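# Chains, contacts and geometry: an overview
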Amino acid sequence: MERAISGKELTTQRRTPTAIPKILGISGSLREASFNTQLMKAAIASYGTADVEIADLNLPLYDGDLEAKGIPEMVTKLGAQIAAADMLIVASPEYNKGISGVLKNALDWASRVPGTVFAAKPTLLIGAAAGRTGGETAYFMTRNCLSQLGAVVLATPAVLVAGVHNEFNEDGTLKSEQYQKSIG
Ligand SMILES: Cc1cc2nc3c(=O)[nH]c(=O)nc-3n(C[C@H](O)[C@H](O)[C@H](O)COP(=O)(O)O)c2cc1C
């Protein structure tokens, strides 16, 4: 029986065996102590040696009039980071059963950068939320947006950390062995 190709395998297939993977981490929460940012960092750490950049989503709100004056420098930088990465690791919070405004705004801006920066980009999508589903509704909403942009959202590991306030140690590592295994 065929099994799903994991994120690690797909990334490895895209590069030469000696290359260090270039990973761009994207967290949909701006909060300093964000659990999604912690989860994103735990996922990045599971790849071992990697060339890592973390996207800054503290962008202006998308506004067509602003765009008409020229795409903001921060957005151009985000687009270049996405284009250059071997893979994206996107951690999506759930706000009112939807994608966070921060993440949606960033995806909207990035979609306006010339070129198709998300095209065929292996993307690991994960999430952490206070509720019992771990933000599953937001996960699928984010997945739809990323797919529309041409990203290849990896089937596994689709880690969604539920009841997140109890799931992290102070050093940002995951408490549960089950989540640790899934992310690793
Ligand atoms: C405006 C808002 C809406 C929220 N809606 C949901 C929700 O629909 N489902 C859920 O599980 N948690 C919801 N939460 C709780 C978040 O999951 C929780 O605050 C989480 O820690 C946010 O992610 P972060 O730690 O990365 O900032 C909401 C929080 C806020 C601030």
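Let us look at the structure shown here. (Residues numbered from 1 in each chain as written. Predicted model: local features only at pLDDT ≥ 70, side-chain atom pairs only at ≥ 80, totals over all residues. Heavy atoms only, no water.)

## Structural notes on the site of the ligand
Lining the immediate environment of the ligand, one finds 14 residues, of which Ser29, Arg31, Ser34, Asn36 and Glu94 sit closest. Within the backbone of glycine 131, an N or O atom sits 2.8 Å from an oxygen atom of the ligand. Protein chains shield 73% of the accessible area of the ligand, which is 620 Å² for the free molecule. (Near = heavy atom within 4 Å. Polar contact = N/O pair within 3.5 Å; in protein donor to acceptor, adjacent residues only side chain to side chain. Areas by Shrake-Rupley, 256 points an atom, 1.4 Å probe, with all protein chains shown as cover.)

## Some remarks on the pairing of strand β2 (residues 51-54)
As paired elements, strand β1 (residues 22-27) and β2 share 4 bridges and run parallel to each other. Looking at β2, one finds that lysine 22 is bridged to aspartate 51. Note on the crossover from β1 through helix α2 (residues 35-45) to β2: the handedness is right-handed. (Pairing = 2+ DSSP bridges. Helix = DSSP H or I, 4+ residues; strand = E, 2+ residues; numbered from the N terminus. Right-handed = clockwise from strand over helix to strand, strands pointing away.)

## Topic: the pairing of strand β3 (residues 87-91)
The element β3 is extensively covered by neighbouring structure, given that 5 of its 5 residues are classed as buried. As paired elements, β1 and β3 share 5 bridges and run parallel to each other. Following the sheet pairing, isoleucine 23 is matched in β3 by methionine 87. Strand direction decides the pairing type here: β3 and strand β6 (residues 122-128), joined by 4 bridges, are parallel. Each residue of the ladder has a partner; that of alanine 91, found in β6, is isoleucine 126. (Buried < 20%, exposed > 50% of the residue type's maximum accessible area, 1.4 Å probe, protein only.)

## As for helix α5 (residues 101-110)
Of the residues making up α5, those classed as buried are Leu103, Asn105, Ala106, Leu107, Trp109 and Ala110. Next to the buried residues of α5 lie β1, α3 (64-68), α4 (73-84), β3, β5 (98-99) and α6 (136-148). (Contact = heavy atoms within 4.5 Å.)

## A word on the nonpolar core
Grouped together as the largest cluster of nonpolar side chains are 27 residues, with contacts concentrated most on Leu78, Ile82 and Phe118. Among the secondary structure elements, those contributing two or more residues to this core are β1, α4, β3, α5 and α6. Among the elements that line this core, the one with the most residues is α5, at 5 residues. Ignoring any residue separated from it by four or fewer positions in sequence, one finds phenylalanine 118 in contact with Ile82, Leu88, Leu107, Ala110, Leu146, Leu149, Gly150 and Ala151. (Core = buried A, V, L, I, M, F, W, Y, C linked by side-chain atoms within 4.5 Å.)

## Side note on the pattern of salt bridges
Pairing between side chains of opposite charge can happen when the charged atoms of each approach one another. A full pass over the atoms with the stated rule returns 5 salt bridges. Two residues, aspartate 108 and lysine 104, come together in a salt bridge whose shortest N-O distance is 2.9 Å. Pair noted here: aspartate 108 and lysine 104 are both in helix α5, with a separation of 4 residues, about one helical turn. For aspartate 108, a relative accessible area of 28% corresponds to the partly exposed category. Put simply, lysine 181 and glutamate 177 hold a salt bridge, and the shortest N to O gap is 3.7 Å. Taken together, the residues lysine 181 and glutamate 177, both in helix α7 (residues 177-183) and 4 residues apart, mark about one turn of the helix. Judged by its relative accessible area of 62%, lysine 181 is exposed. The exposure class assigned to glutamate 177 is exposed, which follows from its relative accessible area of 56%. (Salt bridge = Lys/Arg side-chain N within 4 Å of Asp/Glu carboxyl O.)

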